[in-house]
Number of protein chains: 2
Amino acid sequence: MGTKTLNFSLDEYAERLRKTRTAMEKRGIDTLIVSDPANMHWLTGYDGWSFYVHQAVIVPPSGDPIWFGRGIDAAGATRTCYVESENIASYPDHYVHSSERHPMELLGKLLVERKLDKGVVGVEKDAYWFSAAAYETLMAGLPNVKFTDATVLVNWQRLVKSPAEIVFMRKAARIIELMHERIYEKIEPGMRKCDLAAEIYDAAIRGTPEFGGDYPALVPLLPSGAEAAACHLTWDDQPMRNNEGTFFEIAGVYRRYHCPMSRTVYLGKPSETFLNAEKMTWEGMEAGLAVAKPGATAEDISIAFCDVLERYGIKKENRVGYSVGCAYPPDWGEHTMSLRRGDKTELQPGMTFHFMTGLWMEDWGFEMTETVLITETGMECLANVPRQLFVKN
Amino acid sequence: MGTKTLNFSLDEYAERLRKTRTAMEKRGIDTLIVSDPANMHWLTGYDGWSFYVHQAVIVPPSGDPIWFGRGIDAAGATRTCYVESENIASYPDHYVHSSERHPMELLGKLLVERKLDKGVVGVEKDAYWFSAAAYETLMAGLPNVKFTDATVLVNWQRLVKSPAEIVFMRKAARIIELMHERIYEKIEPGMRKCDLAAEIYDAAIRGTPEFGGDYPALVPLLPSGAEAAACHLTWDDQPMRNNEGTFFEIAGVYRRYHCPMSRTVYLGKPSETFLNAEKMTWEGMEAGLAVAKPGATAEDISIAFCDVLERYGIKKENRVGYSVGCAYPPDWGEHTMSLRRGDKTELQPGMTFHFMTGLWMEDWGFEMTETVLITETGMECLANVPRQLFVKN
């Protein structure tokens, strides 16, 4: 093996670790067990489709993090994590999907060996992948530990992006531009939806001549007509129809960094419903973006947007956005800041969020969204795609 | 809304529910809470990319299952589940990724309302998506319930496929054939790996002129050369090189049903290492397939395969296969039968498994695998792709 392929400098990983340890200290956490693959990636560089088995990154009180995972994934960890091989610990294959053995028994033993089986240990209690069984097994093996919930502790450290991360986000933005271009070029009545989904993937993964694209944390969502009321349906093989609107909830991705952006395409002469949706969403977004600057809060954007919609008689109950950055399936959201009433998170330069203004009504859906970077003085929409309802006759 | 799009007959869903209830009764389980999206889909038809928020299907002692999920996903549930709207229960959006509220509080209340807050309730303790926090919240809300671990209870009911499911698996097999054809047609030295990944997706999602493809539960894995020692790396944008082997771990998918199949392509004149890997894998597979018939056990196939490899001096420590069928990310395995020593599961007609014979060595990797259906008299490899090392000069 030997060759390491790191996306960021060692200094950047050191800074991420420092921020995480500061947050741990504030919470009185001695050792942190990280299960969220995006957090594992952000802390160590680890990358691989291995999150269907139990794995973790352990942040001890001092020294490098420790990667813990399945034996056959240790080679991938050696290649993608900045840590040295003594901090790559793996478990044998008969612990995988076994009803008699659980990998967390061995994670417990590892903590004992490394003398980390004491004090306060943080776990991500509500992370996908940190199952109830994982927690029970870990508790049984570490009787001297006081466990505490550290869900989203690392996620919050990811909220403000570094300059190097913003470079990645900008590359993802170039890719999403090409994806929407491709949709508009190819979409037509009679085309099977699966063929359009294939075009979207093609644009996403080829990326640009200078750099390729990565897989998105969500598959493309592209419901049409009445089915667009159901916001998380995927595609089928039925033909696109005239006189229907279809929204495209998609993201460009560069090395795990996501730039989501939705647009809606209407085939034929758009109905009043769609023209109104475009108009009020546009006005609402203008209002929201106008208040998006350092010092304002997440809820300010939401209130500005929802106030406009309410003037049009629409009460939007769900949040209008969330923080984004590096991500793994099933979600490109960071699970920290939400643009909704009550979220007082103060906006700071370097934050990136998906201004997710989708409308899912009784028998139609409309999405026109932006990924926004907070700058020193205001904000910047990362991708440049006309903010409008696309119409193809 | 109104329109339902069901993949299987109501009789088939009734039979699945009956099998599940029989298994529940054997375990003394009154009510079952199902968190695994593939189990939710199999039991009710529910389909949607919504598993990044808490959701469940509840199987009460009698009557139809109940879908529980996020408000904005109820429309998708109405459309894809066979159950009527009184059995679609949803929670408001401020429960999503909140640090103060947890959706499982409301699932607890739902069980109280439906008078299911008593007796023995089974939960999938080690399912992804059933987090430690979900379990703690549920326990707090249901003090009169005795919880028991029902991980993989439903998965085991999925092991033997119905004729209708086998029709879906065969369609997935047609798609994987086209995917390997595409790879061999397009691969060449100098081609960026991301462009090859785009071709694979294109073939997967377009499917055939008669039916389209669905998204796979794992992204394509296609490591080359020394990096193929790391079996779960995804792609990058570097050029394919001459004198390197690349394996393709991919699946054709039709309406969530997976037919995985791996092949390895060598660019240039293959090294002895690859020719040997082909030879011993081929012989091992012949030996394994020869014993694959009703009445034999899962371990028999594994022992037959590993015995051949051992004669060649290779000790394979990991399992050589697992049951497959309908699946959602992050895994297309069913988490039940594994082809490994100690697994005494008796093979029965209608079982489908991925005979996963991959070799991941110090500085190379080789995969040549089959998805196998157990028939009345023996077995059938579902897809028809030459079982060989592909070489392109």
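The structure presented is a predicted model; accordingly, all values stated were derived computationally and were not measured.

**Student:** Got a sec to walk through the interface of chain B and chain A? Specific residues and values, please.
**Tutor:** On the side of chain A, 75 residues touch chain B, which itself brings 75 residues to the contact. Approximately 6,100 Å² of surface area, both sides summed, lies buried where chain B meets chain A, with 57% of it carried by carbon and sulfur atoms. When the buried area of chain B at its contact with chain A is split by residue, Trp49, Tyr52 and His232 of chain B rank highest and sum to 12% of it. In this structure, Arg206 of chain A and Glu199 of chain B form a salt bridge, with 2.8 Å as the shortest nitrogen-oxygen distance. There are 46 residue pairs in polar contact (both at pLDDT 80 or more) connecting chain B and chain A. Looking at the side of chain B that touches chain A element by element, the count peaks at nine residues for helix H8 (residues 193-206) of chain B. For the side of chain B that touches chain A, the residue count by class is 36 nonpolar, 17 polar and 22 charged.

**Student:** Please give an account of the domain arrangement of chain A that cites residues and values.
**Tutor:** All names here are of chain A. Per the domain assignment, the segments making up chain A are domain 1 (10-157) and domain 2 (163-391). The centre of domain 1, based on its C-alpha atoms, is set 33 Å off from the matching centre of domain 2. Taken together, the contacts link 16 residues of domain 1 with 17 residues of domain 2. The largest contributions to the domain 1 side of the interface with domain 2 come from His41, Tyr128 and Trp156, which together make up 34% of the buried area. At the surface where domain 1 touches domain 2, the tally comes to one salt bridge. Notably, a salt bridge pairs Arg16 with Glu165, separated by 3.6 Å at the nearest N-O pair. Where domain 1 packs against domain 2, one counts five residue pairs in polar contact (both at pLDDT 80 or more). The set of elements that each furnish at least two residues to the side of domain 1 that touches domain 2 consists of helix H1 (10-26), helix H2 (37-44) and helix H6 (153-157). Sort the elements by how many residues they give to the side of domain 1 that touches domain 2 and H2 lands first, with four residues. Partitioning the side of domain 1 that touches domain 2 into residue classes produces 10 nonpolar, three polar and three charged.

**Student:** Requested: an account of the packing of helix H7 (residues 163-186) of chain A against helix H8 (residues 193-206) of chain A, with residues and values cited.
**Tutor:** Residues and elements named next belong to chain A. Running from N to C, H7 and H8 cross one another at 150°; their axes reach a closest spacing of 8 Å. When the interaxial angle is binned, H7 and H8 end up roughly antiparallel. Crossing geometry of H7 relative to H8 is assigned as right-handed. Facing H7, whose interface residues are Ile175, Leu178, Met179, Arg182, Ile183 and Lys186, H8 presents Leu196, Glu199, Ile200, Asp202, Ala203 and Ala204.

**Student:** Any details on the relation of the copies chain B and chain A? Residues and values, ideally.
**Tutor:** You can overlay chain B on chain A at an RMSD of 0.0 Å; the transform is a turn of 180° with a shift of 0.0 Å along its axis. Overall, the copies show the geometry of a two-fold rotation axis. Taken together, the interface assignments show that 100% of the residues at the interface of chain B recur at the interface of chain A, consistent with an identical surface on both copies.

**Student:** Now, about the UniProt feature "domain: Creatinase N-terminal" (unreviewed entry) in chain A: what can you tell me, with residues and values included?
**Tutor:** Residues annotated in UniProt with the feature "domain: Creatinase N-terminal" (unreviewed entry) correspond here to residues 16-160 of chain A. Annotation note: span residues 16-160 of chain A, helix share 36%, strand share 17%, distance between end C-alpha atoms 11 Å.

Cut-offs used in this document
Residues numbered from 1 in each chain as written. Chains lettered and ligands numbered in written order. Predicted model: local features only at pLDDT ≥ 70, side-chain atom pairs only at ≥ 80, totals over all residues. Heavy atoms only, no water. Contact = heavy atoms within 4.5 Å. Buried area = accessible area lost by both parts, 1.4 Å probe. Salt bridge = Lys/Arg side-chain N within 4 Å of Asp/Glu carboxyl O. Polar contact = N/O pair within 3.5 Å; in protein donor to acceptor, adjacent residues only side chain to side chain. Helix = DSSP H or I, 4+ residues; strand = E, 2+ residues; numbered from the N terminus. Nonpolar A, V, L, I, M, F, W, Y, C, P; charged D, E, K, R; others polar. Domains from an automatic or database assignment. Axes fitted to C-alpha atoms, helices over the stretch in contact; angles between N-to-C directions. Parallel < 35°, antiparallel > 145°, perpendicular 65-115°, else oblique. Left-handed = near helix turned anticlockwise from the far one by under 90°. Least-squares fit on C-alpha atoms with pLDDT ≥ 70 in both. UniProt positions renumbered as here; feature names shortened; annotations may be inferred.

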